[in-house]
Amino acid sequence: MPPGTRHQGIGSLSPERRARDLAQVAGASVDVVVVGGGVTGAGVALDAASRGLSVVLLERSDVAAGTSRWSSKLVHGGLRYLAHGEIGLARESARERAVLMGATAPHLVRPLPFLVPDAAGRDVTALAAAGGRLGDAVRLSVPGGRRSLPATRRVRGDDVARMTPAVRPGGGGVVFWDGQLTDDARLVVALARTAAAFGARVLTGADVLAVDDGEVHVRVDGADLSLRAGVVVNAAGVWSQRLAPRIRLVPSRGSHLVVPGERLGSPSAALTVPLPGSRSRYVFALPQADGLVYLGLTDEPVDGAVPDEDPVPSDAEVQQLLDTVNQVLSSPLIRDDVVGAYAGYRPLVQPQAGTGPGGATADLSRKHLLMWDGPVLSVVGGKLTTYRAMAEGTVDAVVARLGRGTPRTTTARLPLVGAAPRVALDRVPAPARLVARYGTEAPLVEALGPALVVAGRPETVGELRFAVRHEGARTVADLLDRRTRIGLVPADRERAVPVAEQVLSAEL
């Protein structure tokens, strides 16, 4: 298949394709090698492949194995950026949110109301109303923004009780809207598969050992191989300094707690409570389709080198999150209500002057950095919401360097695998939950088996089989921690392991 031509199949990352791609990569010469399989790397691979460049994506573990699966699962419009006066970044975020909701991944993103109750203080809701209306103005100024979300509004006490039942009675509140991802890891999988549909070779379990004047040395499945690249794009996030030591990062850790939705009255809106002492930071209680609620988000500086192991919320972060949301609850949450927790690292770029390692990471800009070092182009920083814009700028620089490839991207109009207009998604003959995760592919997933992986949870064995056959899953962790998110509740994960092992044994 010629580069830049979309295959009419489903962009399958099957075991057979991985073996074929691995055999073809050894000793090959390609236009672009992308290092890192998070949302940024997968977005760069898709943009480059869709412009006609030959692409190899190398990820040492699994797609979405790092920061990209530890987010709040939101597609932000940039209200916090407005609070810091970063109007351009807020407009970029609002534009990219509209692109995801309207064109590239409408099956994965839905409108979510955020409720700020008067119980947090009338001065707080007044500020939230002003910020929400400013966000509305920004949204109306970008293409596709007008129809993407409802407007900010004030609500009455009975609306508060209906949307967030656990809030103390009395008073109304303010509701603003943003976008919520069904799952951040599923977005990354969709990007990688769409890139594969355009001819990109996606290799997980591929550890890049060194880059020497365009020669990329890799260890895959215990064997060493090399390939040549016109450009190496370093999209390794908080680990980018391993390939580009001159980059200066100020990583921070963001943590979330997982609680049963019924403990908060099964809310339909994201409860929004300001962090004490801050006018721009909030703790959110984010309702999920599986009946859980994610409570976040902290912003703690990380000292020293970022380890390879998954981060863990500190006791102080757990207490901070509980204490903040408990300010407005009738029945306070306690630690025994927490059934899981997760944390991720943000690859924040140290500014040239001003806030440094000793400052507050919450005040650092979420702008991204592009930096050349020989044939290596590093792209680091930014936000999940703006991955496509980051990828576009990165590949613009690659095309200019190589002197080939389509000069302009088409990714703002390019649907990811499973995507379709909302009216078409509503007609897909499959359960709504599967449509929200797989889009038009939901009937294929349903046909692979309706049996539940774990009693009391919605994930099916068909989802695990589909993950192995078409989504590049090769391990229990791939299945339970990324293709599905059963692993966010450790007790459920333990019960699911035998089923995942059985599926892997049968499929591989």
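Relevant structure appears above.
Cut-off values and rules
- Residues numbered from 1 in each chain as written.
- Predicted model: local features only at pLDDT ≥ 70, side-chain atom pairs only at ≥ 80, totals over all residues.
- Heavy atoms only, no water.
- Salt bridge = Lys/Arg side-chain N within 4 Å of Asp/Glu carboxyl O.
- Helix = DSSP H or I, 4+ residues; strand = E, 2+ residues; numbered from the N terminus.
- Buried < 20%, exposed > 50% of the residue type's maximum accessible area, 1.4 Å probe, protein only.
- Contact = heavy atoms within 4.5 Å.
- Polar contact = N/O pair within 3.5 Å; in protein donor to acceptor, adjacent residues only side chain to side chain.
- Pairing = 2+ DSSP bridges.
- 1 Å grid on protein atoms, 1.4 Å probe; cavity = no way out; pocket = protein on both sides within 12 Å on 5 of 7 lines; lining within 4 Å.
- Points joined across faces, edges and corners; volume = space filled by probe spheres on them.
- Nonpolar A, V, L, I, M, F, W, Y, C, P; charged D, E, K, R; others polar.
- Phe/Tyr/Trp six-rings, centres within 6.5 Å; stacked < 30°, edge-to-face > 60°.
- Lys NZ or Arg CZ within 6 Å of the ring centre and 35° of its normal.
- Axes fitted to C-alpha atoms, helices over the stretch in contact; angles between N-to-C directions.
- Parallel < 35°, antiparallel > 145°, perpendicular 65-115°, else oblique.
- Left-handed = near helix turned anticlockwise from the far one by under 90°.
- Expected span 1.5 Å × (residues − 1).

Okay, the pattern of salt bridges next. Tallying each qualifying case throughout the model produces 42 salt bridges. Arginine 69 serves as the salt-bridge partner of aspartate 310, at 3.0 Å between the closest nitrogen and oxygen. Taken together, the positions of aspartate 310 in the loop between strand S15 (300-301) and helix H8 (315-326) and arginine 69 in the loop between strand S2 (55-59) and strand S3 (74-75) put the pair 241 residues apart, joining distant regions of the chain. Judged by its relative accessible area of 42%, aspartate 310 is partly exposed. Look at arginine 69 and you get buried, because its relative accessible area is 4%. Between glutamate 317 and arginine 253 there is a salt bridge, with its nearest N and O atoms 2.9 Å apart.

Moving on, we get to the environment of histidine 107. In this structure, histidine 107 sits in the loop between helix H4 (87-104) and strand S4 (109-117). Sequence-wise, histidine 107 and alanine 436 are 329 residues apart; in three dimensions their C-alpha atoms are separated by 5.2 Å. When near neighbours in sequence (up to four residues on either side) are disregarded, histidine 107 contacts Thr182, Val417, Gly418, Ala419, Arg422, Leu425, Val435, Ala436, Tyr438 and Gly439. From its side chain, histidine 107 meets the backbone oxygen of valine 417 in a polar contact 3.5 Å long.

Right, let's get into the pairing of strand S1 (residues 29-35). Of all the 7 residues making up S1, 6 are buried; the element is thus mostly covered by neighbouring parts of the structure. In this sheet, strand S10 (residues 223-234) lies alongside S1 in parallel orientation, the contact comprising 6 bridges. Paired with valine 33 across the two strands is valine 232, which belongs to S10. Where S1 meets S2, 4 bridges bridge the pair, whose relative direction is parallel.

We now examine the layout of surface pockets. Space inside the second largest pocket adds up to approximately 490 Å³. If you trace the second largest pocket, you find 29 residues lining it, with Thr182, Ala289, Arg433, Ala436 and Arg437 closest to the centre. Elements with a contribution of two residues or more to the lining of the second largest pocket: S4, strand S6 (173-181), helix H10 (422-425) and helix H11 (432-438). For the lining of the second largest pocket, the element with the highest residue contribution is H11, accounting for 5 residues. The residue makeup of the lining of the second largest pocket, split by class, is 14 nonpolar, 4 polar and 11 charged.

We now examine the side chain of glutamate 317. When you line up the elements, glutamate 317 lands in helix H8. Among the residues examined, glutamate 317 registers a relative accessible area of 2% and is labelled buried. At 2.9 Å, the side chain of glutamate 317 forms a polar contact with the side chain of arginine 253. In this structure the side chain of glutamate 317 is engaged in a polar contact, spanning 2.9 Å, whose partner is the backbone nitrogen of serine 314. When neighbours within four sequence positions are excluded, glutamate 317 is seen to be in contact with Arg253, Ser255, Thr298, Glu300 and Val312.

A separate point is the packing of aromatic side chains. Under the defined criterion, the tally for this structure stands at 6 aromatic pairs. Where tryptophan 70 meets tyrosine 342, the ring centres are 5.6 Å apart and the plane angle is 25°; that geometry is what we call stacked. On the criterion of sequence distance, the pair formed by tryptophan 70 in the loop between S2 and S3 and tyrosine 342 in strand S16 (residues 340-346) is long-range, its members being 272 residues apart. On the basis of relative accessibility, which here comes to 12%, the residue tryptophan 70 falls in the buried class. Look at tyrosine 282 and phenylalanine 284: their rings are 6.4 Å apart centre to centre, the planes differ by 25°, and that puts the pair in the stacked class. Cluster of aromatic residues (ring-pair linked, three or more members): Phe114, Phe176, Tyr282 and Phe284. Against the face of tryptophan 239 rests arginine 60, its NZ or CZ located 4.9 Å from the ring centre. Just above the ring of tryptophan 372 sits the side chain of arginine 401; from NZ or CZ to the centre is 4.2 Å.

To continue, consider the pairing of S16. Across the 7 residues that make up S16, a large majority, 6, are buried. Direction of pairing for strand S11 (residues 252-260) relative to S16: antiparallel, over a ladder of 7 bridges. Within the sheet, the bridge partner assigned to serine 255 lies in S16 and is alanine 343.

Moving on to empty space enclosed by the protein. Using the criterion set out here, one finds 3 cavities of 30 Å³ or more in the structure. Forming the boundary of the largest cavity are 16 residues, of which Leu79, Arg97, Gly135, Asp136 and Trp177 lie nearest the centre. Of all the elements in the fold, those that place two or more residues in the lining of the largest cavity are helix H3 (79-83), helix H5 (122-140) and S6. Looking at the lining of the largest cavity element by element, the count peaks at 5 residues for H5. Along the lines of polarity and charge, the residues of the lining of the largest cavity split into 7 nonpolar, 5 polar and 4 charged.

For the rest of this paragraph, the subject is the packing of helix H14 (residues 476-483) against helix H15 (residues 490-507). Put simply, H14 and H15 touch, their axes get as near as 9 Å, and they point 125° apart. As judged from the angle between their axes, H14 and H15 are oblique. Of the two possible hands of crossing, H14 and H15 adopt the one that is right-handed. Residues Val476, Ala477, Leu479, Leu480 and Asp481 of H14 form the contact with H15, whose own contacting residues are Arg493, Ala496, Val497, Ala500, Glu501 and Leu504. Residue composition of the contact of H14 with H15, by class: 8 nonpolar, no polar and 3 charged.

For the rest of this paragraph, the subject is helix H7 (residues 184-197). Taking 1.5 Å of rise per residue, the 14 residues of H7 would be expected to cover 20 Å, and the 20 Å separating its terminal C-alpha atoms lies within 8% of that figure. Most of H7 is tucked away: 14 of the 14 residues are buried. For H7, the N-terminal cap is aspartate 183; the gap from its side-chain oxygen to the backbone nitrogen of alanine 185 is 3.1 Å. Immediately downstream of H7, the backbone of glycine 199 shows phi near 105°, a positive value.

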